[in-house]
Amino acid sequence: MREQYRSEAFTEDSLAADPMRQFARWFRQVAAGGMLHEPNAMVVSTATPEGRPSSRTVLLKTYDERGFVFFTNYGSRKGRELTANPYASLLFPWHPLARQVVVTGTAFRVPREETVAYFRTRPHGSQLGAWASDQSTVIGSREELTHRYEDLAARYPEGEKVPAPPHWGGFRVVPDSIEFWQGHENRLHDRLRYVREAGDAGWRVERLCP
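Residues numbered from 1 in each chain as written. Predicted model: local features only at pLDDT ≥ 70, side-chain atom pairs only at ≥ 80, totals over all residues. Heavy atoms only, no water.

Caption draft 1: Seen up close, helix 3 (residues 112-119). Looking at helix 3, one finds that the buried residues are T115, Y118 and F119. In a view along the axis of helix 3, the buried residues occupy a sector of 100°, so they form one face of it. Packing partners of the buried residues in helix 3 comprise strand 4 (67-73), helix 4 (124-132) and strand 7 (168-182). (Buried < 20%, exposed > 50% of the residue type's maximum accessible area, 1.4 Å probe, protein only. Helix = DSSP H or I, 4+ residues; strand = E, 2+ residues; numbered from the N terminus. Arc of directions from axis to C-beta. Contact = heavy atoms within 4.5 Å.)

And the structure:
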């Protein structure tokens, strides 16, 4: 299975001044195009201190000049791994546009007030789900999970304020590098990578062979 990518050239002189502006530019194009169901879906890769990796798809909830934010149970596999080893990679696989964005950086827990503010915006059912699921732990059956949820729904009916779980919150991945990948014919893809300079002296741009 092989496909020829046909895209416009992606060159250094077309880049934004910094990677977060470039990401915002591409993200707006992807979101406005309607070609992807969830353009904010990204693959988050983490690793244990011994270097054993794991990956999963999560939803990006916000981004700005500080980095990329997603929310999870801190006791989940990714939560535990990021606590022990904060280095992470994010991959945005925007295949219909023959584009990818690859982020490497360090994950930090967001302030508690930021987590609570976001939790308030979640649908009622999602708020209950954050309490019902001990994410990544073994459970005996689907029924056990459903019973947990139903007990919570009885305790906190629709319209009732659900407190944000203390074991649940956000991570902000602060990037060290962000690569923008644009597919082209004959596998001669454009790969432009921003790399953070030492001492927070800004970013340099590198072109990588495809």
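Caption draft 2: The nonpolar core, seen in detail. Residues F23, F68, F92 and V101 are the most contacted members of the largest nonpolar core, which totals 29 residues. Tallying contributions element by element places helix 1 (residues 19-33) first for this core, with 5 residues. Apart from the residues lying within four places of it in its own chain, the contact partners of F92 are F23, P39, N40, A41, M42, L60, F68, R99, Q100, V101 and V103. Listed in part, the 13 residues of the second largest apolar core include Y118, L128, A132 and W168. (Core = buried A, V, L, I, M, F, W, Y, C linked by side-chain atoms within 4.5 Å.)

Caption draft 3: Local environment of the environment of E113. By the element assignment, E113 lies in helix 3. Taking the relative accessible area as the measure of exposure, E113 reaches 59% and is therefore exposed. Considered as a pair, E113 and L59 are 54 residues apart in the sequence and their alpha carbons are 20 Å apart.

Caption draft 4: View of the pattern of salt bridges. Across all of its chains, the model carries 12 salt bridges by this definition. R207 is paired through a salt bridge with E12; the nearest N and O atoms lie 2.9 Å apart. Of this pair, R207 sits in strand 9 (residues 203-208) while E12 sits in the segment before helix 1, and the two are 195 residues apart along the sequence. Residue class for R207 comes out partly exposed when judged on its relative accessible area of 38%. As a salt-bridge pair, D18 and R21 come within 3.0 Å of each other at their nearest N and O atoms. A relative accessible area of 55% places R21 in the exposed class. Each of R193, E197, R204 and E206 takes part in salt bridges that share partners, so that together they form one network. (Salt bridge = Lys/Arg side-chain N within 4 Å of Asp/Glu carboxyl O.)

Caption draft 5: Examining the layout of surface pockets more closely. Looking at the largest pocket, its volume works out to about 310 Å³. Around the largest pocket sit 14 residues that line it, and F71, T72, R122, Q135 and W168 are the ones nearest its centre. With 3 residues, strand 4 is the largest single contributor of residues to the lining of the largest pocket. When grouped by side-chain class, the residues that make up the lining of the largest pocket number 6 nonpolar, 5 polar and 3 charged. (1 Å grid on protein atoms, 1.4 Å probe; cavity = no way out; pocket = protein on both sides within 12 Å on 5 of 7 lines; lining within 4 Å. Points joined across faces, edges and corners; volume = space filled by probe spheres on them. Nonpolar A, V, L, I, M, F, W, Y, C, P; charged D, E, K, R; others polar.)

Caption draft 6: Layout of the pairing of strand 7. Burial analysis of strand 7 places 13 of its 15 residues in the buried class, which makes it a mostly covered element. Pairing analysis gives 6 bridges linking strand 4 to strand 7, with the strands arranged antiparallel. The residue bridging F71 from the neighbouring strand is G170, located in strand 7. Direction of pairing for strand 6 (residues 99-109) relative to strand 7: antiparallel, over a ladder of 11 bridges. Following the sheet pairing, V103 is matched in strand 7 by I178. Relative to strand 8 (residues 190-196), strand 7 runs antiparallel, the two sharing 6 bridges. (Pairing = 2+ DSSP bridges.)

Caption draft 7: Quick look at the side chain of R56. Considering the arrangement of structural elements, one finds R56 in strand 2 (residues 53-59). Buried charge R56 goes without a salt bridge, the closest partner of opposite sign being E81 at 4.2 Å. For R56, the side chain forms a polar contact with the side chain of T46, separated by 3.1 Å. Here R56 is in contact with M42, V43, V44, S45, T46, R77, K78 and E81, once residues within four sequence places are set aside. (Lys, Arg positive; Asp, Glu negative; His and termini not counted. Polar contact = N/O pair within 3.5 Å; in protein donor to acceptor, adjacent residues only side chain to side chain.)

This is a description of form; function is not addressed.
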